[in-house]
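So the chains spell out like this:
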Amino acid sequence: MKVLSKQKNSRMCFICGMDNPMGFKSQFYNMEDGSVITPVRYKVEHQSFPQRVHGGLIATMLDELACRAYWVNGDYTLGVTTSMELKYRKPVPYEEDLFAQGYVIMDKSRMFKTFSKIIDADGTVFAEATTTYLKLPPEKIAQNVDVHTEMPYLIEDGITEFDYVSKMN
């Protein structure tokens, strides 16, 4: 599937923060089908029990993807999670190349809802979530924070396509 554009990264976000030494430093790509994708490779340090990633880290990635899915069309509205229905389908492995993918399923004036999932290159779904976000201006989320200062990184990497099976539903 073709990449249309790439989203900016923040400074300190746990998932996308480029200056966060503990974070994932995930890169997010806007895709031709209207979804957002990030490659994911969990490490052994991310396990809950041997051979599986901690559920909280899976939920964290899917939560980030929810907001990122809204940004695919260039509307960088911010918001906060109000609810997340998460289903763990299979143990998420570490030290394997995976993808996280999400898209918007509902958009209203004050909130939006997304569907996101963690999959492998064959399209096997390991976890999926339906997440509801309340749209808020930045000053309602954090005081004295400039969004442009917090989201300064656009890291060009030349990626133009991802080879995987997409089964969004």
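Residues numbered from 1 in each chain as written. Predicted model: local features only at pLDDT ≥ 70, side-chain atom pairs only at ≥ 80, totals over all residues. Heavy atoms only, no water.

A. Structural detail: the sheet that holds strand E8 (residues 111-119). The 7 strands lie next to each other as E1-E2-E3-E7-E8-E9-E6, forming an open sheet whose pairing is antiparallel. Two strands in the sheet have a free side with no partner beyond their single neighbour: strand E1 (3-6) and strand E6 (78-88). On average, each strand axis in the sheet is inclined to that of its neighbour by 30 degrees, with strand direction left out of account. Across 8 bridges, strand E7 (residues 98-107) lies against E8 in antiparallel orientation. Within E8, the position partnered with Ala-100 by the bridge is Ile-118. In the packing of helix H1 (residues 55-70) onto the sheet, contacts are made with strand E3 (36-40), E6, E7, E8 and strand E9 (125-136), and the angle to E8 comes to roughly 130 degrees. (Pairing = 2+ DSSP bridges. Helix = DSSP H or I, 4+ residues; strand = E, 2+ residues; numbered from the N terminus. Axes fitted to C-alpha atoms, helices over the stretch in contact; angles between N-to-C directions. Contact = heavy atoms within 4.5 Å.)

B. Fine view of the state of the cysteines. In total, this model carries 0 disulfides according to the counting rule given. You can see Cys-13 has no disulfide; the closest cysteine sulfur is in Cys-16, sitting 3.8 Å from it. Between Cys-67, a cysteine without a disulfide, and Cys-16, which holds the nearest cysteine sulfur, the sulfur-to-sulfur distance is 9.5 Å. The buried category is assigned to Cys-67, whose relative accessible area is 8%. (Disulfide = S-S within 2.5 Å. Buried < 20%, exposed > 50% of the residue type's maximum accessible area, 1.4 Å probe, protein only.)

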